[in-house]
Amino acid sequence: MSRLKLLSTGCVAGLILSITAGCASQQNADACNLPQTSDLDRAITNVEHNLATGCEHRFHDYFQSLLVVAADNPHSNNRMLMSDHLVRSHEQGVISKRQAQGLYNRYFSVKFVSLQGEYNTCSQTCPVRDKVMSDMKAELQDKELGLMRASADSNSYYRADNLLKETDLVLEATCRACAAGNRQVSQQ
Amino acid sequence: MFNRSATSSVSRCINAWSASLLLVLCLPVFADKSGPVVRLFPTTVLEDIRETGQVAEAMENSLQDVIARMDMQQQLYTQSLCEGAEGDQGCDRIGKQLGATYLEMLNVMQERLPDMEIAVNNTRASLEKRLREEIGYRTTPTSLQDTLLGEVSAAGPEKDRPALRGRSGIRLSDRFQKYYELVATTREGPGRSLAVVASDIYLDMNEASQLIAATQQEISRAALMEQLNQSFGLITPEMSAVVGGVKEILFGETMDRSSIAAPPYMIGESEFVSPLAM
């Protein structure tokens, strides 16, 4: 009898425990919600609060939602707000400095993070020219969101677009010249 | 078939090649203004481009006279209502004269094209070497962006710049006309990156080299055909095909490619600079 009582007590305790855990999980999920406000400054404040209270894993979702909020309310200040947010996220230890730089430049810089490297163009870029160009085209779409739609900076977007076209032309010529040089070397 | 537009095309072409000479003269100034890191147009390359311009100009001058004569004969043929007038001795004579002038044009082309081919190939080779050494081996992808962006940032309005070349269909003379526009813009302020100009010319020279080789083959075949056809004294479809090939190199039709609008970058504008920026 006492064993039965012990068992039922255990069951009740287990049930209470699981309900509590479920509630905590639900509470945690609620706490990690995406920002609901259309004000970018407030949305960033909410996001940073969440990031500081256990929602670091949702950083990229937050970043995308902040971009959407910014695009809904385009302003030249948005770029600065997003930059500050990335810097603070790095300082909080949520993302690395390289990630912060990568994200900022991908969306808000004229330059392309897809075209980076410290080795010479013949050896680093030419062998993967098609992929580099494809990545740059994808990045231009992100710049369209960050520069044109979120920051209302069409000038910078057009410069990025122009840079992409010129890079395409220069790489076509340079890589052809590199290939011709390689042929000459192999024939000797 | 051989209309008056051919003469005006020749004039356009001469202008285009003159533009190439102007480009050569103005490039050192352009280089100083934009302050490039790379040296793509040393004296040797400029000399090759200048020589190519001279050879092309000589060929165009020789052709201008022949094509003008062909225009006149064509006009006479039409005014004399010779089309369809088979058996008429006068018309036969005009037809044969036309065929002979056509052969003369082919001979001029055959005589001049090898020089043109050599000049184009020399320019292509010297530019190829410079591109490989200066951009291929002496720039990184990162510094390439800096080079292109640094010079583009101060450029004039997009409408004043020549459009970038396409993958095909751009004629040599048309390109040099666009370079002329580039030079004209450069006089008023900094223009497009030298790396872009060098790449543009190099790719054009590649295309021109291929077109010249193809036209030489076509001319040899057509000259034989026309010698056989002399007894008929007619303007054949082959004749117009060859003239079309010649015009493809020298008197290209204008391909008006619209470029994306890119308003000038406002230098005086105070803009936010992120500590994260590259």
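Above this text sits the structure in question.
Calculation rules
- Residues numbered from 1 in each chain as written.
- Chains lettered and ligands numbered in written order.
- Predicted model: local features only at pLDDT ≥ 70, side-chain atom pairs only at ≥ 80, totals over all residues.
- Heavy atoms only, no water.
- Helix = DSSP H or I, 4+ residues; strand = E, 2+ residues; numbered from the N terminus.
- Buried < 20%, exposed > 50% of the residue type's maximum accessible area, 1.4 Å probe, protein only.
- Axes fitted to C-alpha atoms, helices over the stretch in contact; angles between N-to-C directions.
- Left-handed = near helix turned anticlockwise from the far one by under 90°.
- Contact = heavy atoms within 4.5 Å.
- Nonpolar A, V, L, I, M, F, W, Y, C, P; charged D, E, K, R; others polar.
- Phe/Tyr/Trp six-rings, centres within 6.5 Å; stacked < 30°, edge-to-face > 60°.
- Disulfide = S-S within 2.5 Å.

(A) Quick peek at the overall build of chain A. Secondary structure summary: chain A contains 8 helices and 0 strands in total. The linear arrangement of helices and strands in chain A, starting from the amino end, is α-α-α-α-α-α-α-α. The burial tally for chain A puts 44% of its 188 residues in the buried class.

(B) Quick peek at the packing of helix α3 (residues 59-72) of chain A against helix α7 (residues 129-150) of chain A. Residue and element names in this part refer to chain A. Viewed as axis vectors pointing N to C, α3 and α7 meet at an angle of 35 degrees, and their least axial separation amounts to 8 Å. As for the relative orientation of α3 and α7, their crossing is left-handed in sense. Seen from α3, the contacting residues are L67, A70 and A71; seen from α7, they are L145, R149 and A150. Among the residues forming the contact of α3 with α7, the class breakdown is 5 nonpolar, no polar and 1 charged.

(C) Summary view of the packing of aromatic side chains. Residue and element names in this part refer to chain A. Evaluated as defined, the whole model comprises 4 aromatic pairs over all chains. With a centroid separation of 6.2 Å and 20 degrees between ring planes, the pair formed by F59 and F63 is classed as stacked. Of this pair, F59 and F63 both sit in helix α3, 4 residues apart, roughly one helical turn. No difference in accessibility class separates F59 from F63, as the two residues are buried. Ring centres of Y157 and Y158 lie 6.0 Å apart, and the angle between their planes is 55 degrees; this geometry places the pair in the tilted category.

(D) Structural context of unusual backbone geometry. For A152 of chain A, which is not a glycine, the phi torsion comes out positive at approximately 55 degrees. Within the secondary structure, A152 of chain A is located in the loop between α7 and α8 (154-187). Here L81 of chain B, not a glycine, exhibits a phi torsion of approximately 55 degrees, which is positive. One can find L81 of chain B in the loop between α2 (43-79) and α3 (89-136).

(E) Quick look at the state of the cysteines. Taken as a whole, this structure holds 4 disulfides over all chains when the rule is applied. In this model C122 of chain A forms its disulfide with C178 of chain A; the gap between the sulfur atoms is 1.9 Å. Taking the sign of the torsion about the S-S bond as the criterion, the disulfide between C122 of chain A and C178 of chain A, at about -75 degrees, is left-handed. Here the residue C122 of chain A occupies a position in helix α6 (residues 121-124), and C178 of chain A occupies one in helix α8, the gap between them amounting to 56 residues. The pair C122 of chain A / C178 of chain A is uniform in exposure class, with both members buried. Between the sulfur of C82 of chain B and that of C91 of chain B lies a disulfide, 2.1 Å long from S to S. Every disulfide takes its handedness from the sign of the S-S torsion; for C82 of chain B and C91 of chain B that torsion is -80 degrees, giving left-handed.

Coordinates in, geometry out; function isn't part of it.
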